[in-house]
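# Fold and contact review
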Amino acid sequence: MGAGEDDVVVDVEGRHLRLRRLEKVLYPATGTTKAEVVAYVTAVAPALLAQVRGRPLTRRRWPDGVTGGSFFEKGVPRGAPDWLRTVELESLGSTRGRGTVRYPLVDDLAGLVWLADLAALELHVPQWRVGPRGGVRHPDRLVVDLDPGQGAGLAECAEVARAARERLEADGLRCHPVTSGSKGLQLYAPVSGAQGADVLRSYARRLAEGLERDRPDLVVSRVTKTRRGGRVLLDWSQNDAGRTTVAPYSPRGRHRPCAAAPRTWAELEDPGSLRQLTLAEVADRHARDGDLLAALGPGAEPGPRVPTR
């Protein structure tokens with residue numbers, strides 16, 4: 001359906017959306033346009049929706065492309081479609097405890113396309129979901145966030161990930177690696193949903209401190225810049241109820257058009273060739289291999305409880 005000279009109205013699964021300036025370049029280094037970002041989120045929609053469905057979305061937007069300024073947006077913006085599901089919650093992140101925010105809940109492809117049209121390249125979510133009536137549930141996944149310091153990279157992150165995997169599996173937790181699309185990677189493990197965020201946060205902290213004791217040359221458990229050189233920070237605080245992590249399959253607002261990409265453990269066994277993947281590569285892998293994080297989606301079998309000591 002036609003609209004103005006610079007915009008178009010499209011039908012997305014029965015919902016009409018006005019998309020503006022689809023040929024606008026969002027990643028100047030590669031000439032990647034908004035239309036290509038829309039095509040990407042459409043291609044991976046089933047898997048991306050499985051990661052964000054039911055989770056309040058904080059977005060990072062680059063209205064002038066990744067070489068322009070960006071800003072984080074929590075609340076529902078003006079002009080949001082009336083069919084968008086929302087939830088009123090205490091503000092997440094650094095403003096937690098300073099009032100409530102009406103967050104969007106994106107449950108369908110139309111919602112993803114709407115976000116792409118706003119140049120909301122990064123989608124950040126907590127490790128918990130809200131119920132049908134808006135109640136906050138316990139976390140349904142544990143995240144191990146690995147952030148390399150100066151002089152370290154994905155190879156070091158992969159080494160830490162393999163060590164973390166051994167400990168998690170010893171506790172009955174099956175984890176799945178995701179390269180972040182930026183510098184590091186995350187491990188996600190489904191959990192029971194019967195324990196609070198404080199329990200998961202404490203467990204992740206013990207994991208980080210244990211790895212730091214065993215590998216002080218490689219792992220740090222605290223954000224101390226003077227100790228980060230050549231090491232990997234295991235950021236256990238990402239499991240706090242008020243923290244968010246970039247969603248798997250989300251694009252990233254970096255120099256190149258990369259995405260948070262689910263990986264196989266075989267890939268982490270060859271860290272020399274490990275790199276961040278572009279939107280096109282992630283879409284191709286999803287078409288070929290399906291969703292590597294199906295075990296983390298809604299309706300998947302719950303994971304185990306984490307040990308409390």
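All figures in this text were calculated on a predicted structure; none of them were measured in a lab.

So, on to helix α4 (residues 154–170). With 17 residues, α4 should reach 24 Å at 1.5 Å per residue; the first-to-last C-alpha distance of 24 Å fits that figure. All buried positions along α4 are accounted for by L154, C157, A158, V160, A161, A164 and L168. Take α4 and look down its axis: the buried residues cluster within an arc of 165°, on one side only. Along α4, the residues that are exposed and aim more than 90 degrees away from the buried face are E166 and A170. Note on α4: the residue one or two positions beyond its end, G172, has a positive phi of about 85°.

What follows covers the sheet that holds strand β12 (residues 185–190). Across the sheet, which stays open at both edges, the 6 strands sit in the order β13-β14-β10-β12-β11-β17 with mixed pairing between neighbours. Edge strands, defined here as strands with exactly one partner in the open sheet, are β13 (219–220) and β17 (261–262). Judged from the 6 bridges that link them, strand β10 (residues 141–148) and β12 form a sheet pairing that is antiparallel. Counted as the bridge partner of R141 is P190 from β12.

Glancing now at the domain arrangement of the protein chain. By domain assignment, the protein chain separates into domain 1 (14–137) and domain 2 (138–296). Here the C-alpha centroids of domain 1 and domain 2 sit 22 Å apart. Contacts between domain 1 and domain 2 engage 33 residues on the former and 34 residues on the latter. Interface area, domain 1 with domain 2, both sides summed: about 2,800 Å², of which 55% is carbon and sulfur. Summed over the three residues of domain 1 that lose the most area to domain 2, namely Y40, Q51 and Q127, the buried surface amounts to 28% of that side. Our enumeration of links across domain 1 and domain 2 arrives at 4 salt bridges. Between R252 and E122 there is a salt bridge, and its shortest N-O distance comes to 3.0 Å. At the junction of domain 1 with domain 2, the criterion picks out 18 residue pairs in polar contact (both at pLDDT 80 or more).

Turning to empty space enclosed by the protein, a few remarks are in order. If you walk through the whole model with that rule in mind, you get 2 cavities of 30 Å³ or more. Approximately 60 Å³ is the volume attributed to the largest cavity. In terms of lining residues, the largest cavity is bounded by Y249, P262, V282, R285, H286, D289, G290 and L292. Looking at which element gives the most residues to the lining of the largest cavity, the answer is helix α7 (residues 279–289), with 4 residues. Split by residue class, the lining of the largest cavity holds 4 nonpolar, 2 polar and 2 charged. Roughly 40 Å³ of volume is contained in the second largest cavity. Every residue lining the second largest cavity is listed: V37, V41, L112, L115, A116, A120, L121, L123 and P251. When residues of the lining of the second largest cavity are traced back to their parent elements, those giving at least two are α1 (34–43), α3 (109–117) and β9 (120–125). Among the residues forming the lining of the second largest cavity, the class breakdown is 9 nonpolar, no polar and no charged.

The next thing to look at is the layout of surface pockets. Its volume calculated, the largest pocket comes out at about 550 Å³. In this structure, the largest pocket is lined by 27 residues; those nearest its centre are H124, D145, Q238, T244 and R252. Mapped onto the lining of the largest pocket, the elements with two or more residues apiece are β5 (58–61), β9, β10, β12, β14 (232–235) and β15 (245–246). Ranked by the residues each element gives to the lining of the largest pocket, the list is headed by β10, at 3 residues. In the lining of the largest pocket, the residues fall into 6 nonpolar, 11 polar and 10 charged. Summarising the domain contributions, the lining of the largest pocket has at least three residues from each of domain 1 (14–137) and domain 2 (138–296). In terms of lining, the second largest pocket is formed by 24 residues, of which the most central are R129, D140, G297, P298 and G299. Taken together, domain 1 (14–137) and domain 2 (138–296) each give at least three residues to the lining of the second largest pocket, which thus spans both.

Turning next to helix α5 (residues 197–214). With 18 residues, α5 extends 26 Å from end C-alpha to end C-alpha; this agrees with the ideal 26 Å at 1.5 Å per step. Among all positions of α5, only A197, L200, Y203, A204, L207, A208, G210, L211 and E212 are buried. In this structure, the buried side of α5 is in contact with β10, α4, β13 and β14.

Mapped onto the elements of the fold, Q150 is located in the loop between β10 and α4. Take Q150: its relative accessible area is 74%, and that puts it in the exposed class. Put simply, Q150 and L105 are 45 residues apart on the chain and 36 Å apart in space, counted from C-alpha to C-alpha. Apart from the residues lying within four places of it in its own chain, the contact partners of Q150 are R228, G229 and G230.

Cut-offs used in this document
- Residues numbered from 1 in each chain as written.
- Predicted model: local features only at pLDDT ≥ 70, side-chain atom pairs only at ≥ 80, totals over all residues.
- Heavy atoms only, no water.
- Helix = DSSP H or I, 4+ residues; strand = E, 2+ residues; numbered from the N terminus.
- Expected span 1.5 Å × (residues − 1).
- Buried < 20%, exposed > 50% of the residue type's maximum accessible area, 1.4 Å probe, protein only.
- Arc of directions from axis to C-beta.
- Pairing = 2+ DSSP bridges.
- Domains from an automatic or database assignment.
- Contact = heavy atoms within 4.5 Å.
- Buried area = accessible area lost by both parts, 1.4 Å probe.
- Salt bridge = Lys/Arg side-chain N within 4 Å of Asp/Glu carboxyl O.
- Polar contact = N/O pair within 3.5 Å; in protein donor to acceptor, adjacent residues only side chain to side chain.
- 1 Å grid on protein atoms, 1.4 Å probe; cavity = no way out; pocket = protein on both sides within 12 Å on 5 of 7 lines; lining within 4 Å.
- Points joined across faces, edges and corners; volume = space filled by probe spheres on them.
- Nonpolar A, V, L, I, M, F, W, Y, C, P; charged D, E, K, R; others polar.

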